[in-house]
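Residue-level structural notes
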Amino acid sequence: FDAPSSGAKHPSPTELTSPPAKKARLDVADNVSAVASSPPETAAAAPAEHVEPAPALLTAPTELLPAEEFLSTLSDPKTVVITVKIPNDSSSSKWNSDGREISVTMDVRTATVKSIKQICSKDLGGMPVNKMQLRWSGVGFLKDRDSLAKLNIGPGATLDLVPKVRGGRK
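Figured I'd write up the structure that's included with this text. (Residues numbered from 1 in each chain as written. Predicted model: local features only at pLDDT ≥ 70, side-chain atom pairs only at ≥ 80, totals over all residues. Heavy atoms only, no water.)

The next thing to look at is the overall build of the chain. Secondary structure summary: the chain contains four helices and five strands in total. Helices and strands in the chain line up, N terminus first, as α-α-α-β-β-α-β-β-β. The buried share of the chain, taken over its 170 residues, is 26%. Contacts in the chain between residues at least 24 apart in sequence constitute 65% of all its contacts with a sequence separation of at least 6. In the structure as shown, the chain presents an accessible area of about 12000 Å², 55% of it carried by carbon and sulfur atoms. (Helix = DSSP H or I, 4+ residues; strand = E, 2+ residues; numbered from the N terminus. Buried < 20%, exposed > 50% of the residue type's maximum accessible area, 1.4 Å probe, protein only. Contact = heavy atoms within 4.5 Å. Areas by Shrake-Rupley, 256 points an atom, 1.4 Å probe, with all protein chains shown as cover.)

This is the structure:
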């Protein structure tokens, strides 16, 4: 048996008997599965406390499904609860920008981004819909005419409300 002439290092006996350690990798789309696929702890390791993972915010998928296909994945597309985060902006006190979150129940089959803004407008002291922008992490700012089904916005989604700024004024 001839040794390789490249000067490569031979593995030690411990390297031959133990499998290489896997590094955990987290992606936006599969943050839950990455935790589940982590390598098991060895018996020699001290037992870790069981800590419940924090609930992950639903972010936009990397690739959107067609609207009809997305609707077929929902158990009840008629009653979907979406959270809208309101900014904490004291300069807009007349619009109740106090940093709270508004839960909105929508029918994903027919709702549009504009319909979410109209509901938020009532809770924000009449803030005009044309002064609002909704942003979803991973997608960016949403267009008023787009349906929630087209954007794959489903249960647990969190949208950020951002007041429109024009010419440096709010």
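Moving on, we get to the pairing of strand E1 (residues 80–85). In this structure, E1 lies alongside strand E2 (residues 101–106), joined through six bridges in antiparallel fashion. Within E2, the residue paired with Val84 across the bridge is Ile102. Examined bridge by bridge, E1 and strand E5 (residues 158–163) share three bridges and lie parallel to one another. Residue pairing for E5: Thr83 is matched across the bridge by Thr158. (Pairing = 2+ DSSP bridges.)

One non-glycine residue, Asn152, adopts positive backbone phi at about 60 degrees. Assignment of secondary structure puts Asn152 in the loop between strand E4 (140–141) and E5.

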